[in-house]
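Remarks on the overall topology
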Amino acid sequence: MFTDHERCYRAVQSRDARFDGVFYTAVRTTGIYCRPSCPAVTPRVQNVTFYATAAAAQDAGFRACRRCRPDTTPGSPEWDVRADAVGRAMRLIGDGVVEREGVEGLAARLGYSQRHVNRMLTQQLGAGPLALARSNRSHAARTLIETTDMPMADIAFAAGFSSIRQFNDSIRRTYDLTPSQMRGRRRRGAVTGQITVRLAVRRPFHAEALVDFLRAHVVPGVEAVDGRTYARVLRLPHGLGAMAATLADDHVSLELELVDLRDMSTAVDRVRRMLDLDADPDAIDEVLSADPALRDLVLAAPGLRVPAHVDGFEVAVRTIVGQQVSVAGANTVLGRHIGTFGTPVDLALARTFGLTHAFPSPAALAEADDETFGMPRSRARAVIGLAQAVADGKLVLDPGVDRDEVREQLLAMRGIGPWTADYVVMRALAHPDILLTTDLVLKRELERRGITPQDTERWRPWRSYAGMHLWRSTPAFERAIP
């Protein structure tokens, strides 16, 4: 959209918050870039340039507006939908791949040369992978400066900067403040190692439905729900962590405690993806409510989200265990083995919610005996086979993989059929356009409403959301989704 100058300017004139994170407004006369809904006086049309990402605006020499804080907007919903290399790259950069593996690692995961990846991102987004990653690092550093008492040197390396000088220069260029000045403006009372972040959402946001879903799927020891707060243990690239997300109607308050603060950006990105915070509810609801068969459901639950997950391997295991049993039964089976195969965790935030372990790693389950699971042996072998494939690197379930390719890999595994493969792709890889037509409960609901498979084509690319609305409309909702 950022290439449509007239449409973007109309959104800025109306201060339309729906476009926050979709594009950024840079004002050449002030050197500042803003979110479209910035409350400041609207600049003249001839003085503005629009960018697809904050990184592109920063790379062009603009600094973030201190009033509207454009770096705290929801992410672009475009990356949820796009399955091409650019969409996959953006999901991987958000997950911290460039910090951990460099541009070389990003390019290897995408299957292209570094030069091609850089050219592709620069042409479409106005910034290459290093600039996009640098923008993420600056935002991570700002969060640590404002919410912890960590020394600046520790913050620099925790955020992913390679030197103190690079850290200072990047913060000054992005925010027109030194790190020390930024800390002087922060709120007091933060605790080192514990971080609180306010996550923006696009409204409407059906927080209650999201909490209900998470509550129904709690695995004891790993997760907990208290009111509107969902807490769980996280397995992250540099160590374990704990999170507690409190869902309000207009934002999510996220508390994090991490063994290694280098994981902060990755943890925030994974929580955003799990809670589907970057979705565009207006666009989704507009498409689905246009169908008379769904209109009543959409009007009754505007802003419904499709939960993804913080760990693709975990949701795949849970889906296999949940085959042909109730949600409660699957949770019981999994909870029985958390103490045996899970990784113990001792963090203050985890103890607050009675959390004791991280979900078992692929390596731990790959070595398990199929007789120890307390489930049909064929299902246990499917879990072990999946764990071995992930542990060996033959199956990758991270945000940047090709979704269609992963589905084919899953279907090739013993004990995994179309329903399981589709459900894993929908939740582990946050696919917005999966309709589980092989699900018996959903199939009956479609028939009851007189909806044929051909009719569902008009719901694209939001069929995952249509499925969630239909599931919620049946008394069997809780039994239908593992």
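Look above for the structure.
The notes below deal with the structure included here. What you are looking at is a predicted structure, and each value in this text was computed from that prediction instead of being measured.

**Details of the overall build of the chain**
Per the secondary structure count, the chain includes 24 helices and eleven strands. Against the 2.2 N^0.38 benchmark of 23 Å for 482 residues, the chain shows a C-alpha radius of gyration of 22 Å, consistent with a compact globule. With respect to the principal axes defined by its C-alpha atoms, the chain has extents near 65 × 50 × 45 Å. Within the chain, counting contacts between residues at least 6 apart in sequence, those at least 24 apart form 66% of the total. As presented, the chain carries roughly 19800 Å² of accessible surface, and 49% of it is formed by carbon and sulfur atoms. On the chain, the mean spot of the 62 positive side-chain charges and the mean spot of the 58 negative ones are 4 Å from each other.

**Remarks on unusual backbone geometry**
Pro204 follows Arg203 through a cis peptide bond whose omega is 5°. Note that Pro204 resides in the loop between strand E5 (194–200) and helix H11 (207–216). For the bond running from Arg460 to Pro461, omega is 0°, close enough to zero to count as cis. The backbone of Arg15 sits at a positive phi, close to 50°, despite the residue not being glycine. Within the secondary structure, Arg15 sits in the loop between helix H1 (5–13) and strand E1 (24–27).

**Some words on the sheet that holds E5**
One open sheet accounts for five strands, arranged E5-E9-E8-E7-E6; its pairing is antiparallel. The two strands at the open ends of the sheet, each matched to only one other strand, are E5 and strand E6 (223–226). Neighbour-to-neighbour, the strand axes of the sheet open up by a mean angle of 20°, direction not taken into account. Pairing geometry for strand E8 (residues 239–247) and strand E9 (residues 251–258), over seven bridges, is antiparallel. For Met243, the partnering residue across the bridge sits in E9 and is Leu256.

**Looking at helix H19 (residues 377–391)**
In this model, H19 (15 residues) spans 21 Å end to end at C-alpha, consistent with the 21 Å of a helix rising 1.5 Å per residue. Check the buried side of H19 and you find it contacts helix H15 (312–321), helix H18 (362–366) and helix H20 (403–411). Positive backbone phi, approximately 80°, marks Gly393, located one or two places after H19.

**Structural notes on the state of the cysteines**
Applying the stated criterion across every chain, the model contains zero disulfides. Left unpaired, Cys65 is separated from the closest cysteine sulfur, that of Cys68, by 3.8 Å. Classification of Cys65 as buried rests on a relative accessible area of 9%. Cys68 carries a free sulfur, and the closest cysteine sulfur to it, the one in Cys38, is 3.8 Å from it. Taking relative accessible area as the criterion, Cys68 reaches 7% and is therefore assigned buried.

**Here we look at the pairing of E9**
Most of E9 sits out of view: six of its eight residues are buried. Where E5 lies against E9, seven bridges are found, and the strand directions are antiparallel. Among the inter-strand pairings, Ala200 is bridged to a residue of E9, identified as His251. Hairpin geometry of E8 and E9 is characterised by an intervening segment of three residues between the two adjacent antiparallel strands.

**Focus on the nonpolar core**
One finds Leu256, Leu275 and Leu410 to be the most contacted residues of the largest nonpolar core, which totals 141 residues. The dominant element in this core, judged by the number of residues it contributes, is H19, at eight residues. Not counting residues up to four positions away in its chain, the partners in contact with Leu275 are Phe205, Leu210, Leu214, Ala245, Leu247, Val252 and Arg305. Within the second largest apolar cluster, twelve residues are counted, among which are Ala231, Leu347, Ala350 and Leu355.

**Some words on helix H14 (residues 292–300)**
What H14 keeps buried is the set Ala293, Leu294, Leu297 and Val298. Down the axis of H14, the buried set is contained in an arc of 100°. They therefore lie on one face. For H14, the exposed residues lying more than 90 degrees away from the buried face are Pro292, Leu299 and Ala300. Contacts made by the buried residues of H14 are with helix H13 (281–289) and helix H23 (463–472). For H14, the N-terminal capping position is held by Asp291, with its side-chain oxygen 2.9 Å away from the main-chain nitrogen of Ala293.

**Some details on the pattern of salt bridges**
What the rule picks out here adds up to 44 salt bridges. Between Arg407 and Glu408 there is a salt bridge, with its nearest N and O atoms 3.9 Å apart. Taking the relative accessible area as the measure of exposure, Arg407 reaches 23% and is therefore partly exposed.

**Examining the packing of aromatic side chains**
Per the counting criterion, the structure on display carries eight aromatic pairs. Ring centres 6.2 Å apart and planes at 45° place the aromatic pair Phe19 and Phe23 in the tilted group. Of the two residues examined, Phe19 and Phe23, each falls in the buried class. For the pair Tyr24 and Tyr33, a centre-to-centre distance of 6.1 Å together with 75° between the ring planes defines the contact as edge-to-face.

**Points about the pairing of E6**
Across four bridges, E6 lies against strand E7 (residues 229–236) in antiparallel orientation. Bridging across to E7, Ala224 finds its partner in Ala231. The loop that links E6 with its antiparallel partner E7 comprises two residues; one of these, Gly227, has a positive phi angle of about 65°.

About the cut-offs
- Residues numbered from 1 in each chain as written.
- Predicted model: local features only at pLDDT ≥ 70, side-chain atom pairs only at ≥ 80, totals over all residues.
- Heavy atoms only, no water.
- Helix = DSSP H or I, 4+ residues; strand = E, 2+ residues; numbered from the N terminus.
- Rg over C-alpha atoms; globule rule 2.2 N^0.38 Å.
- Contact = heavy atoms within 4.5 Å.
- Areas by Shrake-Rupley, 256 points an atom, 1.4 Å probe, with all protein chains shown as cover.
- Lys, Arg positive; Asp, Glu negative; His and termini not counted.
- Charge placed at Lys NZ, Arg CZ, Asp CG, Glu CD.
- Pairing = 2+ DSSP bridges.
- Axes fitted to C-alpha atoms, helices over the stretch in contact; angles between N-to-C directions.
- Expected span 1.5 Å × (residues − 1).
- Disulfide = S-S within 2.5 Å.
- Buried < 20%, exposed > 50% of the residue type's maximum accessible area, 1.4 Å probe, protein only.
- Core = buried A, V, L, I, M, F, W, Y, C linked by side-chain atoms within 4.5 Å.
- Arc of directions from axis to C-beta.
- Polar contact = N/O pair within 3.5 Å; in protein donor to acceptor, adjacent residues only side chain to side chain.
- Salt bridge = Lys/Arg side-chain N within 4 Å of Asp/Glu carboxyl O.
- Phe/Tyr/Trp six-rings, centres within 6.5 Å; stacked < 30°, edge-to-face > 60°.

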